[in-house]
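An overview of the molecular structure
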Amino acid sequence: IAGNFQVRWYDVQTGQTTSGLTITAGNWVSLGSPPYAGDVAVSITNISFQDTNPPVRTNLSPQGTTYPSTTTQVNISLNTNEASTCKMSTSPNIPYSSMIVTFTNTGATTHSTILTGFTPAIYYYYVKCQDTQGNANTNDEQIYFTINPPDTTQPTISSVISSGDQTRVLVT
C-alpha cells in the first residue's frame, strides 16, 4: 500500500477525539499502549492510492495467423487488466503519445479494431495502452499476421486415360 493516511482516534476514557496524525505507508504507529490498551478506537479516513503501473496487455490477436489472399479485413484485439485506451503503430518504439492510430473499440478492458486494405505481405503492428491515471506502456506488444499471395500455380495434366468413347483427364 502506498500513500499517506489521516488517522483519527477516540479515547473512551476522556471522551476526546484526536486527529491530524499522518502516517506514511510502511511505518507502524501503536495507539494501544497502557493505560489505554484496548480503549482506543481508530478510524482511518482519506485513504488514496496512486496507480503508477501501466496496463498489462494480454490475449493479443492475431499472433502469426496466415490468411488467404482473398482476406479483406482482419480484426485485431487485446485485453488489459484495467480500463485503458490502446493505440498502435506500424513502427516499433514509438511513444504512446506519438501513436496516431487509436483502436476503434477501446476505453475499457477489451480493445479491438478492424484493419482493411491488404496486399500479400507479413503485417506487424506495435501496441501500447494508457490507463485512466495516465500510465502508458513504454514497451511494445506485437501483433502480426500474414496475407498469402494468390495461388498462381498453373494446373498440370498428370494423366490422360482413354477408353472407348470416354476420356478421363487428371489435372493437378
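Preceding this paragraph is the structure being described.
Residues numbered from 1 in each chain as written. Predicted model: local features only at pLDDT ≥ 70, side-chain atom pairs only at ≥ 80, totals over all residues. Heavy atoms only, no water.

**What about the state of the cysteines?**
A disulfide bridge is the covalent bond that connects two cysteines by way of their sulfur atoms. Inspection of the entire model under this criterion finds one disulfide. There is a disulfide in this structure between C86 and C129, and the S-S distance comes to 2.1 Å. Because the torsion about its S-S bond is 105 degrees, the bridge between C86 and C129 counts as right-handed. Here C86 is found in strand β7 (residues 84–89), whereas its partner C129 is found in strand β10 (residues 121–131), with 43 residues between them in sequence. Of the two residues, C86 and C129, both sit in the buried class. (Disulfide = S-S within 2.5 Å. Helix = DSSP H or I, 4+ residues; strand = E, 2+ residues; numbered from the N terminus. Buried < 20%, exposed > 50% of the residue type's maximum accessible area, 1.4 Å probe, protein only.)

**Some words on a nonpolar patch on the surface**
Together, I157, V160, V169 and V171 make up an exposed nonpolar region whose accessible area comes to about 370 Å². Taken together, the elements giving at least two residues each to the nonpolar patch come down to β12 (157–163) and β13 (166–171). Take V160: it is sitting in strand β12. (Patch = residues over 30% accessible without salt bridge, like charges linked within 9 Å, V, L, I, M, F, W, Y side chains within 5 Å. Areas by Shrake-Rupley, 256 points an atom, 1.4 Å probe, with all protein chains shown as cover. Salt bridge = Lys/Arg side-chain N within 4 Å of Asp/Glu carboxyl O.)

**Examining the nonpolar core**
In this structure, I76, F118 and F145 are the most contacted members of the largest nonpolar core, which totals 16 residues. Ranked by residues supplied to this core, first place goes to β10 with four residues. Leaving out residues up to four positions away in the same chain, F145 has contacts with P62, T65, Y67, V74, I76, F118, A121, I122, Y123 and Y125. (Core = buried A, V, L, I, M, F, W, Y, C linked by side-chain atoms within 4.5 Å. Contact = heavy atoms within 4.5 Å.)

**Details of the side chain of T80**
The residue T80 is located in strand β6 (residues 73–80) in this model. A distance of 2.8 Å separates the side chain of T80 from the side chain of H111, its partner in a polar contact. If near-sequence neighbours (up to four positions away) are discounted, T80 is found in contact with P55, V56, R57, C86, A108, T109, H111 and C129. (Polar contact = N/O pair within 3.5 Å; in protein donor to acceptor, adjacent residues only side chain to side chain.)

**A closer look at the packing of aromatic side chains**
Enumeration over the complete set of coordinates arrives at six aromatic pairs. Taken together, the aromatic side chains of Y67, F118, Y123, Y125 and F145 make up a single cluster linked through ring pairs. Its end group placed over the ring of Y96, K87 keeps NZ or CZ at 4.7 Å from the ring centre. (Phe/Tyr/Trp six-rings, centres within 6.5 Å; stacked < 30°, edge-to-face > 60°. Lys NZ or Arg CZ within 6 Å of the ring centre and 35° of its normal.)

**Digging into the sheet that holds strand β11 (residues 141–147)**
Strand order in the open sheet formed by five strands is β5-β11-β10-β7-β8, and the pairing between neighbours is mixed. Where the open sheet ends on each side, the last strands, each with one partner, are β5 (63–67) and β8 (101–102). Here β7 pairs with β8 via two bridges, running antiparallel. Within the sheet, the bridge partner assigned to M88 lies in β8 and is V101. (Pairing = 2+ DSSP bridges.)

**Re the pairing of β12**
Here is the key point about a regular strand: its side chains alternate between the two faces of the sheet. In this structure, β12 lies alongside β13, joined through six bridges in antiparallel fashion. Bridge pairing in β13 links S162 to T167. Connecting β12 to the next strand, β13, in antiparallel fashion are two residues, including G164 with a positive phi near 65 degrees.

Treat this as a map of the structure, not an account of what it does.
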